[in-house]
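Chain by chain, the residues:
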Amino acid sequence: HRDLHSFPTRRSSDLPPPWPLRTVESDGRTVDRRRAMARPFNYPPIAAYVLWATGEVHKAISADRVLNTLGARTVYALASIVASIVAAIGCRAVVLAAGGTVLAGSTAAAVVMLFPGLMVDDTLWSQTDSWVIAAGVWMVWAMMRGRWLTAGALWGVALGLKTQGVLLGPVWVFALLAYRPRLRVLAGMMLAVTVLNASARSEERRVGKECSSRWSA
């Protein structure tokens, strides 16, 4: 297959054909654009699958795939909205695991769910910050419960969703220093690396097939 990183070094005439891209502007005009695959995809592997699935849903409900419509915005915000809900439920679980009351847990969930920054991030900008937050919150819950393999798998998912997952690393360093036996913590850390590598290899094969089909078209 052809390496995505080699795309920018090739002549423009050698690039695979660009696909149509239509957007609805603020004044109501529909503008036709064209976008070529001219640079590497810069999202982690699990995020790539989520974004691919989102694009497939958009294609299923809108054959012309016009962007910036109500339907398109809803589709592209859906994964982030769901992640925010999962994060809010996770915060409730963390509070309960720490010995907090049901009221305190429910309050924490409500604060996260209704936090203006996340609401705007998810619904208006369709950003993916809530993805890594959801995985990170449930990772902490699993660590509090002593479920180190589950925590490691969730850290791997966080890393595969957004590069900011590396910011969860200090939590693991602290756990490694504070928890005994350390072997269980190390096993969780190794599982995180395994999950990330497995998802990356799978995504590499998928992208390779897609690139091959585009170049052979």
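Cut-offs used in this document
Residues numbered from 1 in each chain as written. Predicted model: local features only at pLDDT ≥ 70, side-chain atom pairs only at ≥ 80, totals over all residues. Heavy atoms only, no water. Helix = DSSP H or I, 4+ residues; strand = E, 2+ residues; numbered from the N terminus. Buried < 20%, exposed > 50% of the residue type's maximum accessible area, 1.4 Å probe, protein only. Expected span 1.5 Å × (residues − 1). Arc of directions from axis to C-beta. Contact = heavy atoms within 4.5 Å. Core = buried A, V, L, I, M, F, W, Y, C linked by side-chain atoms within 4.5 Å. Phe/Tyr/Trp six-rings, centres within 6.5 Å; stacked < 30°, edge-to-face > 60°. Patch = residues over 30% accessible without salt bridge, like charges linked within 9 Å, V, L, I, M, F, W, Y side chains within 5 Å. Areas by Shrake-Rupley, 256 points an atom, 1.4 Å probe, with all protein chains shown as cover. Salt bridge = Lys/Arg side-chain N within 4 Å of Asp/Glu carboxyl O. Axes fitted to C-alpha atoms, helices over the stretch in contact; angles between N-to-C directions. Parallel < 35°, antiparallel > 145°, perpendicular 65-115°, else oblique. Left-handed = near helix turned anticlockwise from the far one by under 90°. Nonpolar A, V, L, I, M, F, W, Y, C, P; charged D, E, K, R; others polar.

I'd like to hear about the side chain of serine 199, residue by residue, with values.
Checked against the element boundaries, serine 199 lands in helix H8 (residues 182–216). Taking relative accessible area as the criterion, serine 199 reaches 11% and is therefore assigned buried.

Describe unusual backbone geometry, and please don't skip the residues or the numbers.
Proline 181 follows arginine 180 through a cis peptide bond whose omega is 0°. Among the secondary structure elements, proline 181 is positioned in the loop between helix H7 (169–178) and H8.

Run through helix H3 (residues 102–113), naming residues and quoting values.
Here H3 contains 12 residues, and its C-alpha end-to-end distance of 16 Å stays within 8% of the 16 Å for a straight helix at 1.5 Å per residue. When we look at burial in H3, the residues that qualify are Gly105, Ala109 and Val112. Across the axial projection of H3, the buried residues extend over an arc of 65°, all falling on one side. Projecting away from the buried face of H3 at angles above 90 degrees are the exposed residues Leu103 and Val111. As for H3, its buried residues are in contact with helix H2 (70–97) and helix H4 (116–123).

Tell me about the nonpolar core, and please be specific about residues and values.
Residues Met139, Met143, Trp148, Ala151, Trp155, Ala158 and Trp172 are the most contacted members of the largest nonpolar core, which totals 24 residues. Elements with a minimum of two residues in this core: H2, H3, helix H5 (129–144), helix H6 (148–161), H7 and H8. At seven residues, H5 tops the list of elements feeding residues into this core. Filtering out sequence-adjacent residues up to four positions away, methionine 143 remains in contact with Trp148, Ala151, Val171, Trp172 and Ala175. Among the nonpolar cores identified, the runner-up in size contains seven residues, and Ala83, Ala87, Trp131 and Ala134 belong to it.

Outline the packing of aromatic side chains, supporting the account with residue identities and numerical values.
What the rule picks out here adds up to four aromatic pairs. Seen from their ring centres, tryptophan 148 and tryptophan 172 are 5.9 Å apart, and the 65° between their planes marks the pair as edge-to-face. Highlighted residues: tryptophan 148 in helix H6 and tryptophan 172 in helix H7, separated in sequence by 24 residues. For the ring pair tryptophan 155 and tryptophan 172, a centre distance of 5.5 Å and an interplane angle of 15° mean the geometry is stacked. Here the residue tryptophan 155 occupies a position in helix H6, and tryptophan 172 occupies one in helix H7, the gap between them amounting to 17 residues. Accessibility expressed as a relative area gives 0% for tryptophan 172, which makes it buried. Ring pairs connect the aromatic residues Trp148, Trp155, Trp172 and Tyr179, which therefore count as one cluster.

Break down the environment of valine 82 for me, with residues and values.
Here valine 82 lies in helix H2. Distance in space between the C-alpha atoms of valine 82 and aspartate 122 is 9.3 Å, their sequence separation being 40 residues.

How would you summarise a nonpolar patch on the surface if you had to cite specific residues and measurements?
On the surface, Leu78, Val82 and Val86 cluster together into a nonpolar patch covering about 230 Å² of accessible area. Tracing the backbone through its elements, the reader meets leucine 78 in helix H2.

Which residues make up the environment of leucine 78, and what values go with them?
The class of leucine 78 is partly exposed, set by a relative accessible area of 48%. Remark: the alpha-carbon pair of leucine 78 and threonine 123, spanning 45 residues in sequence, is separated by 8.0 Å.

I'd love a proper account of the packing of H2 against H3, names of residues and values included.
It is the contact of H2 with H3, at a shortest axis distance of 8 Å, that shows an interaxial angle of 155°. Regarding the angle of H2 to H3, the classification is roughly antiparallel. In this structure, H2 meets H3 at a crossing whose hand is right-handed. Contacts between H2 and H3 pair Ser84, Ile85, Ala87, Ala88, Cys91, Arg92, Val95 and Leu96 from the former with Val102, Ala104, Gly105, Ser106, Ala108, Ala109, Val112 and Met113 from the latter. Residue composition of the contact of H2 with H3, grouped by class: 12 nonpolar, three polar and one charged.

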